[in-house]
Amino acid sequence: MSEQNNELKRSLKARHLNMIALGGSIGTGIFLAMGDTIHTAGPGGALAAYGLIGLMVYFLITSLGEMATYMPISGSFSTYANKFIDPALGFALGWNYWYNWAITIAAEMVAGSLIMKYWFPNVPGICWSIVFLVIIVGLNVLSSKAYGESEYWFAGIKVFTVIVFLIIGVLMILGIMGGKKIGFHNYFIAGGPFNGGIKSLFAIFLIAGFSFQGTELIGVAAGESENPEKTIPKAIHSIFWRILIFYLGTIVILGAIIPFTSAGVSTSPFTMVFEKAGIAGAASLMNAIILTSVLSAGNSGMYASSRMLFSMAKEGMAPKMFAKTNSRGVPVNSLIATTIIASLCFLTGIFAESTVYVWLVAASGLAGFIAWVGIAVCHYRFRKAFVHQNKDLKSLKYKAILYPFGPILALIMCVVIILGQGYSCITPNGIDFQGLIASYIGIPLFLALYIGYKLKYKTKIIPLDQVDLNFSEEVQNDSTEVETNLNVEQYN
């Protein structure tokens with residue numbers, strides 16, 4: 001088999017994909033932003049928001065899992081929109097997702113610099129951000145296997161940390177550790193468990209959405225998975241319980257131990273809990289663990305955005321230079337472009353790190369919701385075309401549960417959350433225009449991409465009988481290389 005300069009390599013093993021799925025949504029959203037979430041809406045509001053978003057994400061990820069098992073490719077839902085619905089939608093979703101993760105990388109650099117102030121308050125945050133960026137780029141430039149291996153250990157550390165935190169938290173609530181019994185009286189201090197009512201609930205939906213971003217990495221990583229038909233369903237099955245135990249369990253414990261009026265974004269609530277438990281050394285260790293989470297999220301962001309840009313270049317929706325890979329199957333040009341944009345986003349926030357971090361979370365969170373809308377619509381069209389072309393549903397290696405209820409419910413929830421973001425910006429004292437812009441900043445960009453492409457190329461919605469569903473048969477013949485026309489080429 002000869003080496004080419006436009007191929008990805010299927011080198012992600014089952015354990016890599018499982019841990020990418022398990023750790024995809026465990027990041028600064030749970031370790032750092034959770035404090036601000038509980039402070040804004042109270043523990044009850046946070047539980048409601050994360051519970052609803054978790055249910056929605058579960059349906060979305062099972063929808064994506066069905067398509068990714070049938071058609072495993074790094075373009076994921078951007079390619080699915082291009083093949084099942086309208087090339088203009090695929091174009092807009094692809095660039096939206098790339099922008100989403102480029103912003104996320106910048107947000108992680110900001111978060112990393114904030115965390116480092118715990119130990120080095122006098123060192124400029126930009127110094128640490130540069131170090132983190134170099135590490136993230138270095139891991140991604142090696143190979144997809146290097147990404148998978150590093151993410152395997154990063155995610156393993158995060159999962160282990162949350163489990164230990166949950167155990168210590170339960171012991172503190174019961175009074176077995178950290179002094180007297182804490183109980184749940186902090187839930188009912190001034191403001192109650194649902195602080196701010198429905199307005200606060202809407203205010204944190206974007207933060208909750210940002211926290212769960214990364215679960216759709218399964219679809220992107222499917223393009224470089226060794227055996228997607230077996231590994232993707234296995235990874236999907238772990239998602240619901242992860243959401244239920246890790247996120248909701250963390251909120252229950254944080255709400256009980258820390259008064260929601262004392263929580264915030266400047267200090268990790270995990271660190272505050274360990275300090276209350278009397279484990280001062282463990283607080284420093286917790287911050288070190290949060291740093292691994294920052295690296296993990298940045299690592300995944302660099303991987304996802306570079307692969308999406310690579311895939312769009314393959315389809316002619318991005319400059320051809322981004323479709324080239326090195327001998328290790330890494331799309332280096334796409335990696336460089338993503339790094340430049342992420343760095344520019346970060347540079348805008350050097351002098352206002354805490355404020356910019358929240359803005360970046362909002363902008364990236366909305367872009368993620370738009371991507372999830374795309375997943376739901378793609379799955380609905382995929383199934384409609386599958387049945388319309390008289391294909392046997394039993395031939396699907398993995399089927400999403402509760403179709404069509406699942407994707408329809410997820411779609412409605414996504415749209416309601418997107419449209420409702422501005423509600424929290426309306427106060428008795430007037431309208432918070434800066435907050436309003438941050439809430440909706442992703443919508444005009446997405447529409448400009450979609451309408452611009454549609455007007456230029458006069459694209460139309462693809463009729464159901466013309467939807468291309470042939471990828472699955474081709475990938476079964478050879479699951480090792482990806483070629484230019486989004487089909488799998490058989491090599492000798």
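K.L.:
Any chance you could explain the packing of aromatic side chains here in plain terms?
P.N.:
Centre-to-centre distance and the angle between the planes together describe a pair of aromatic rings. A complete count under the given rule lists 25 aromatic pairs for this structure. Judged by centre distance (5.7 Å) and plane angle (5°), the ring pair of tyrosine 80 and phenylalanine 84 falls under stacked. Placement of the pair is tyrosine 80 and phenylalanine 84 together in helix α4 (residues 76–84), with a separation of four residues, close to one helical turn. Phenylalanine 84 carries the same exposure label as tyrosine 80, and that label is buried. Consider the rings of phenylalanine 91 and tyrosine 453, whose centres lie 4.6 Å apart with planes at 25°: the pair is stacked. Remark: tyrosine 453 occurs in helix α18 (residues 442–457) and phenylalanine 91 occurs in helix α5 (residues 87–116); sequence separation between them is 362 residues.

K.L.:
Explanation requested: helix α17 (residues 433–440) in the structure shown.
P.N.:
An α-helix turns once per 3.6 residues; consequently, residues spaced three or four apart project the same way. Taken together, the buried positions of α17 are occupied by Gly435, Ala438 and Ser439. Projected onto a plane normal to the axis of α17, the buried residues spread over an arc of 100° and lie on a single side. In α17, the exposed positions that point more than 90 degrees away from the buried face belong to Phe433, Gln434 and Ile437.

K.L.:
I tried to follow the packing of helix α6 (residues 125–142) against helix α14 (residues 332–347) on my own but got confused; where do I start?
P.N.:
The axes of two packed helices give the description: the angle between them and the distance between them. Look at α6 against α14: their axes get within 12 Å of each other, and the N-to-C directions meet at 165°. Viewed along their axes, α6 and α14 adopt a mutual orientation that is roughly antiparallel. α14 is crossed by α6, and the crossing has right-handed handedness. Within the contact between the two elements, α6 uses Ile126, Ser129, Leu133, Val137, Asn140 and Val141 and α14 uses Leu335, Thr339, Ser343, Phe346 and Leu347. Of the residues assigned to the contact of α6 with α14, the class counts are seven nonpolar, four polar and no charged.

K.L.:
When you look at the environment of glycine 197 in this model, what are you seeing that I'm missing?
P.N.:
Tracing the backbone shows glycine 197 in helix α8 (residues 197–212). Along the chain, glycine 197 and glycine 44 lie 153 residues apart, while their C-alpha atoms are 9.9 Å from each other.

K.L.:
Just to check I follow, could you spell out α6 for this structure?
P.N.:
End to end, α6 covers 27 Å across 18 residues, agreeing with the expected 26 Å (1.5 Å per residue, within 8%). Every buried residue of α6 is listed here: Gly125, Ser129, Phe132, Leu133, Ile136 and Asn140. Buried residues of α6 fall within an arc of 105° about the axis and therefore sit on the same side.

K.L.:
Help me understand the environment of leucine 8, please; the structure alone is not making it clear to me.
P.N.:
Tracing the backbone shows leucine 8 in the segment before α1 (14–23). Residue classification places leucine 8 among the buried residues on the basis of a relative accessible area of 1%.

K.L.:
Where do I start with the confidence of the model for the chain in this structure?
P.N.:
Parts of the prediction with low pLDDT should not have their coordinates interpreted in detail. Confidence in the prediction for the chain averages 82 pLDDT; 89% of positions are at 70 or higher. Long-range and interchain partners of residues 472–492, a stretch whose pLDDT sits below 50, account for 53 contacts in this model, where long-range means more than four residues apart.

K.L.:
Whenever I open this one, the pattern of salt bridges confuses me. Can you help?
P.N.:
Where charged atoms from two side chains of opposite charge come close, those side chains can pair. The tally for this structure, following the rule as stated, stands at four salt bridges. Residue lysine 454 is joined to aspartate 86 by a salt bridge in which the shortest nitrogen-to-oxygen separation is 2.5 Å. Of this pair, lysine 454 sits in helix α18 while aspartate 86 sits in the loop between α4 and α5, and the two are 368 residues apart along the sequence. Among the residues examined, lysine 454 registers a relative accessible area of 23% and is labelled partly exposed.

K.L.:
I tried to follow unusual backbone geometry on my own but got confused; where do I start?
P.N.:
If a residue is not glycine, its phi is most likely negative; likewise, a peptide bond is most likely trans. A cis amide bond links tyrosine 403 to the next residue, proline 404, at an omega of 5°. Of note, proline 404 is situated in the loop between α15 (353–388) and α16 (405–420). Unusually for a residue other than glycine, asparagine 390 sits at a positive phi of about 60°. Take asparagine 390: its relative accessible area is 71%, and that puts it in the exposed class.

K.L.:
Where do I start with the nonpolar core in this structure?
P.N.:
Burial of nonpolar side chains together is a common tendency in soluble globular proteins. Within the largest apolar cluster, 148 residues are counted, with the highest numbers of intra-cluster contacts made by Met56 and Tyr80. The element best represented in this core is α5, accounting for 19 residues.

K.L.:
Would you take a moment to explain a nonpolar patch on the surface for this structure?
P.N.:
Together, Ile336, Ile340, Ile341, Leu344 and Leu347 make up an exposed nonpolar region whose accessible area comes to about 430 Å². Tracing the sequence through the fold places isoleucine 341 in helix α14. Isoleucine 341 sits in the partly exposed class, given a relative accessible area of 31%.

K.L.:
Could you clarify how one ought to interpret the side chain of lysine 83 in this entry?
P.N.:
Counting through the fold element by element, lysine 83 comes out in helix α4. Within polar-contact distance, the side chain of lysine 83 engages the side chain of aspartate 468 at 3.0 Å. For lysine 83, the contacting residues outside a window of four places in its chain are Met71, Ile462, Val467 and Asp468.

Reading the values: the criteria
Residues numbered from 1 in each chain as written. Predicted model: local features only at pLDDT ≥ 70, side-chain atom pairs only at ≥ 80, totals over all residues. Heavy atoms only, no water. Phe/Tyr/Trp six-rings, centres within 6.5 Å; stacked < 30°, edge-to-face > 60°. Helix = DSSP H or I, 4+ residues; strand = E, 2+ residues; numbered from the N terminus. Buried < 20%, exposed > 50% of the residue type's maximum accessible area, 1.4 Å probe, protein only. Arc of directions from axis to C-beta. Axes fitted to C-alpha atoms, helices over the stretch in contact; angles between N-to-C directions. Parallel < 35°, antiparallel > 145°, perpendicular 65-115°, else oblique. Left-handed = near helix turned anticlockwise from the far one by under 90°. Contact = heavy atoms within 4.5 Å. Nonpolar A, V, L, I, M, F, W, Y, C, P; charged D, E, K, R; others polar. Expected span 1.5 Å × (residues − 1). pLDDT = per-residue confidence, 0-100. Salt bridge = Lys/Arg side-chain N within 4 Å of Asp/Glu carboxyl O. Core = buried A, V, L, I, M, F, W, Y, C linked by side-chain atoms within 4.5 Å. Patch = residues over 30% accessible without salt bridge, like charges linked within 9 Å, V, L, I, M, F, W, Y side chains within 5 Å. Areas by Shrake-Rupley, 256 points an atom, 1.4 Å probe, with all protein chains shown as cover. Polar contact = N/O pair within 3.5 Å; in protein donor to acceptor, adjacent residues only side chain to side chain.

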